[in-house]
Amino acid sequence: MPDGPRPPRFVRWLGGFGCAAAGYAVFQALFGLLPDSIDGQAARYAIAGVAGLGTALSAWLAAELLRARSERNAPSGTGQFTAGSASLSGPGPLPQLFSSAYDALAEQLCVVDDPGCGRLTGWPHSLGESAGRPTPVGTAYGLHIALDLGVPDGRLSAGDLVETLWRLRLPDGGWSARSQGTVARPEVTALVLGALARAGVDPARVAAEVARCESGFTLELDRTGRELTHVVTTVLRGLLRAAPRSDVLPVLQEALVDGAVTDPRRQHRRCWSYRLAPLHGPPSPLHTSLAVVALDRAARVLGESAGARAAREDGVRWLLACPDAPHDSCLDLSSLREEVRRPRSDDPSRHEVLNVRHFTASWVVRALLTPGARDIAREDGLEAEWRERLDGAATAVWAAQTDGIWTWPREDTTSELRRPMWMTYQGLSALRGHAVWMYQPHG
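Residues numbered from 1 in each chain as written. Predicted model: local features only at pLDDT ≥ 70, side-chain atom pairs only at ≥ 80, totals over all residues. Heavy atoms only, no water.

J.: Hey, could you run me through the overall build of the protein in this one?
T.: For the protein, the count of helices and strands is 18 helices and 10 strands. Within the protein, buried positions represent 46% of all 443 residues. Of the contacts formed within the protein by residues at least 6 apart in sequence, a portion of 65% connects residues at least 24 apart. Total accessible area computed for the protein in this model is approximately 21200 Å², and 55% of it derives from carbon and sulfur atoms. (Helix = DSSP H or I, 4+ residues; strand = E, 2+ residues; numbered from the N terminus. Buried < 20%, exposed > 50% of the residue type's maximum accessible area, 1.4 Å probe, protein only. Contact = heavy atoms within 4.5 Å. Areas by Shrake-Rupley, 256 points an atom, 1.4 Å probe, with all protein chains shown as cover.)

This is the structure:
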């Protein structure tokens, strides 16, 4: 992965010449330009010779720099497997990272006998919570992780996790986050349904909950949610897994396309902010990545109109136009926090507040790994920029973990760290996707 800026233009230009040819050219040119006032022919030869030799050495160093950087940025450094590499250096770091993540999740699995729900097996919102009790969000992301890692032994039972999610279902159907009370919310419900469908739950049982989610996610009943990019993309991704034939999906797909904005700072490309309705807010790499991923998945399931395709491709081009550097710590990778404020059902004059944190680097990786992103980069002659930005985002994802668990620093202190389940899932998923995409079989 790249670990520094590109060489200056002069170095790249100089490295393009042959060493001897560059030195000889400088020698000839300088010898002809030196004034006759310099004493003796030998002195002129000496000065021109030293200059030519220095030029030849500089050209050789520039060529070596370019070659070294090329080798460092080659696919073999970002997950490509070549013949004999395993026998020489052993496995790469990902197997150990996945193993460490699995061990940590198994060790911190919560098993609680709840008087109202029965036995609950899962995880709280964050690992290490003192009063740990399984929650719908933590357990749904844990189920996704277990399915991603393949559940190599019986310490994590997908069946127990599935049963726990059903037991955490609200009395009137659906699921909500801890701060949202007893009213089901579509983004949490869609997240849980996506995990349940992926685990192979009875489609008829899932369909009943999908119908409840669809009926509550309207402009009349949830205008706040329908106007937020995060909520719409989360519902869209979840229902594409749980109910790919849902009549709501094309509506959400079109709402996402219509909610794009243009950014004059990046060639008037379409992108997304945190809102899909006026006032939209500033362009956001995080929300643009969310939209690109959701629209790409919707296109594969539902197809897409010319307008939807143009918006999705513009989103990719907008991400590729990041003007900041280096791309493993650029501003486009800054993680964000947003609030979802909805009127309370029992008292509309008051609001429930859901604090949502976003691991931006993981979403940029996902967006740039969508099947159409590299095609767009190739069409535009931006494959180098695509690789540079993708590898930089993957580097940032890797840097945020320790032993396979990702941490989010608290705002009120730098000494205490949170380890949210969603962040570990997104980090593992992004690195896994990056490794799979970059794999090249020998030959």
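Back to the write-up after that little detour.
J.: Teacher, can you tell me more about the pattern of salt bridges here?
T.: A side chain of one charge can pair with a side chain of the opposite charge when the charged atoms of the two come close. Summed over all chains, the structure comprises 30 salt bridges. Arg133 is paired through a salt bridge with Asp114; the nearest N and O atoms lie 2.7 Å apart. Taken as a pair, Arg133 in the loop between strand S2 (118–122) and helix H6 (136–149) and Asp114 in strand S1 (residues 110–114) lie far apart in primary sequence, 19 residues in all. Among the residues examined, Arg133 registers a relative accessible area of 32% and is labelled partly exposed. For Asp114, a relative accessible area of 16% gives the class buried. Of the charged contacts in the structure, one is a salt bridge between Asp296 and Arg300, with a shortest N-O distance of 2.8 Å. Taken together, the residues span about one helical turn, with Asp296 and Arg300 both in helix H13 (residues 285–302) at a distance of 4 residues. The class for Arg300 is exposed, based on a relative accessible area of 58%. (Salt bridge = Lys/Arg side-chain N within 4 Å of Asp/Glu carboxyl O.)

J.: Which parts of the structure should I look at to understand helix H12 (residues 248–258)?
T.: Each α-helix turn comprises 3.6 residues. Residues three or four places apart therefore point the same way. Those residues of H12 that fall on the buried side of the exposure criterion are Val248, Leu249, Leu252, Gln253, Leu256 and Val257. Buried residues in H12 make contact with helix H9 (203–216), helix H10 (223–226), helix H11 (229–242), H13 and helix H14 (306–320).

J.: Just checking my understanding: could you explain the environment of Ile145 for this structure?
T.: As for its position among the elements, Ile145 is in helix H6. Exposure remark for Ile145: the relative accessible area of 2% places this residue in the buried category. Non-local contacts of Ile145, meaning those with residues more than four positions away in its chain, are made with Leu105, Met421, Thr424, Tyr425 and Leu428.

J.: Can you walk me through unusual backbone geometry in this structure?
T.: A negative phi angle characterises most non-glycine residues, just as the trans form characterises most peptide bonds. For the bond running from Pro278 to Leu279, omega is -10 degrees, close enough to zero to count as cis. Of note, Leu279 is situated in the loop between strand S4 (269–271) and H13. Looking along the chain, the bond that leaves Ala325 and enters Pro326 is cis, with omega of -5 degrees. Its place among the elements puts Pro326 in the loop between H14 and strand S5 (336–343). The phi dihedral of Gln267 falls on the positive side, at around 60 degrees, and the residue is not glycine. Inspection of the secondary structure puts Gln267 in the loop between strand S3 (261–263) and S4. Residues other than glycine seldom take positive phi values, yet Asp403 does so here, at roughly 55 degrees. Along the chain, Asp403 turns up in the loop between strand S7 (401–402) and strand S8 (405–406). Among the residues examined, Asp403 registers a relative accessible area of 57% and is labelled exposed.

J.: Just checking my understanding: could you explain H14 for this structure?
T.: Spanning 15 residues, H14 covers 21 Å between terminal C-alpha atoms, matching the ideal 21 Å at 1.5 Å per step. For H14, the buried fraction is high: 11 of the 15 residues fall into the buried class. For H14, the set of buried residues is Ala308, Ala311, Arg312, Glu313, Asp314, Gly315, Val316, Arg317, Trp318, Leu319 and Leu320. (Expected span 1.5 Å × (residues − 1).)

J.: Could you clarify how one ought to interpret the confidence of the model for the protein in this entry?
T.: Detailed conclusions should not be drawn from predicted coordinates in areas where pLDDT is low. On average, the protein scores 85 in pLDDT, and the residues at 70 or more come to 78%. Segment residues 1–16 is flagged for pLDDT under 50; beyond a separation of four residues in sequence, or across chains, it makes 32 contacts in the model. Low pLDDT, under 50, characterises residues 69–89; the predicted model gives this stretch 27 contacts beyond four residues in sequence or across chains. (pLDDT = per-residue confidence, 0-100.)

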